[in-house]
Amino acid sequence: MDFVTAADGVRLAYDDQGEGVPLLCLPGLTRNMDDFEPVLDHYRTRARVIRMDFRGRGASDYADHATYTPPQEAQDVVALLDHLGIEKVCILGTSRGGLVALILAVMARDRLSGVIFNDIGPDIMAEGLAVIMDYIGKPPDFTSLAEAAAAMPALYEGVFRNVPAATWADFVRRIWREEGGALHLRYDPKLRDAVAPAFAPDFKAPDLWPLFEAMADLPVGLIRGAQSNILSAETAAEMRRRRPDMAFVELGDRGHVPFLDEPGARAVVDTVLERVA
């Protein structure tokens, strides 16, 4: 793991391994680079896999929570690319990471060689946002990683199916830290304050479709969990209508978000990387 310093002095953690097409992995809202361990393990011989922790998450510095925004995170991505001397990169964006990719399509379009969306699109389901606000910033109820892993199948019943026990164990290890007989968040709890304004009665969500249209000549891919409460089937269908060439898979036994070790998910990544290369 290494660090780059953003323009405002915040240290951002990243990991850079492998050889080939630069593939920048951007995690979800409360997640971190460890989510992309399956991607690194599978692609390190075919791609330069760069994983990043957004500010306030993982090993990156906590900062003023007012800076925990997709536009600032997009600026941080550009700072990392400049630091590494990378002209163009293909982004694999999970949830929030995909939103950052949309912003980069208009803010730094010349830095993108392709984009793969993991269960995210220009429209976000209100149902999923409500679930996020129910847990974000709150400590987990479990006292150990083992207890948490054992609880996952029941907690996600009907949403995630056919998930090996080892995958659940990796999942909880990536999102929580065990210490002193309790589990702790691996992100700044003030992230809750950063996203709370989006739930104000007068909040008007921005139209992100023009940002998606800005990717018109880029190779793109979309991975959707069939039980997703963030990316609706209708939004995925509209993305496909606008980009009939988009690599696409819908994973029938996954919700928000797929683990990226699924064969269908890897097929989408393979297709986009081939087009980028």
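These numbers come from a predicted model, not from an experiment.

Draft legend 1. Inspection of the environment of Val 159 at higher detail. Structurally, Val 159 can be placed in the loop between α5 (145–155) and α6 (165–175). Residue Val 159 is classed as partly exposed on the basis of its relative accessible area, which comes to 27%. Setting aside chain neighbours within four positions, we find Val 159 in contact with Gln 227, Asp 253, Arg 254 and Gly 255.

Draft legend 2. Structural view of the sheet that holds strand β2 (residues 11–18). Strand order in this open sheet of eight strands is β1-β2-β4-β3-β5-β6-β9-β10, and the pairing throughout is mixed. Looking along the sheet, the strands with just one partner apiece sit at the ends: β1 (2–5) and β10 (247–251). Between one strand axis and the next, the sheet turns through 20 degrees on average, direction left out of account. Bridge count for strand β9 (residues 220–225) against β10 is five bridges, and the pairing is parallel. If you follow Gly 221 over to β10, its bridge partner there is Ala 247.

Draft legend 3. Fine view of the environment of Leu 40. By the element assignment, Leu 40 lies in helix α1 (residues 37–43). The spatial distance from the C-alpha of Leu 40 to the C-alpha of Asp 16 is 9.6 Å, given a sequence separation of 24 residues. Look past the residues within four positions of Leu 40 in its chain and what remains in contact with it is Asp 15, Gln 17, Val 49 and Arg 51.

Draft legend 4. Seen up close, helix α4 (residues 126–135). Among the residues making up α4, those that are buried are Gly 128, Ile 132 and Met 133. The buried residues of α4 occupy an angular sector of 140 degrees when projected down its axis, which confines them to one face. Away from the buried face of α4 by more than 90 degrees, exposed residues Ala 126, Glu 127 and Asp 134 are located. Tucked into the core, α4 has its buried residues touching α7 (191–195). Following α4 by one or two positions, Gly 137 adopts a phi angle in the positive range, close to 80 degrees.

Draft legend 5. Spotlight on the pattern of salt bridges. In this structure the tally under the stated criterion is 24 salt bridges. Across the pair Arg 173 and Asp 170 runs a salt bridge whose closest N-O atoms are separated by 3.2 Å. Note that Arg 173 and Asp 170 are positioned in helix α6 at a spacing of three residues, about one turn of the helix. Of the residues examined, Asp 170 reaches a relative accessible area of 29% and is grouped as partly exposed.

Draft legend 6. Fine view of the pairing of strand β3 (residues 21–26). The buried fraction of β3 is high, at five of six residues. The pairing of β3 with strand β4 (residues 47–52) spans five bridges and is parallel. Following the sheet pairing, Leu 23 is matched in β4 by Val 49. Viewed along the sheet, the connection from β3 through α1 into β4 turns out right-handed. Alignment of β3 against strand β5 (residues 89–94), held across four bridges, turns out to be parallel. For Leu 26, the partnering residue across the bridge sits in β5 and is Gly 93.

Criteria and cut-off values
Residues numbered from 1 in each chain as written. Predicted model: local features only at pLDDT ≥ 70, side-chain atom pairs only at ≥ 80, totals over all residues. Heavy atoms only, no water. Helix = DSSP H or I, 4+ residues; strand = E, 2+ residues; numbered from the N terminus. Buried < 20%, exposed > 50% of the residue type's maximum accessible area, 1.4 Å probe, protein only. Contact = heavy atoms within 4.5 Å. Pairing = 2+ DSSP bridges. Axes fitted to C-alpha atoms, helices over the stretch in contact; angles between N-to-C directions. Arc of directions from axis to C-beta. Salt bridge = Lys/Arg side-chain N within 4 Å of Asp/Glu carboxyl O. Right-handed = clockwise from strand over helix to strand, strands pointing away.

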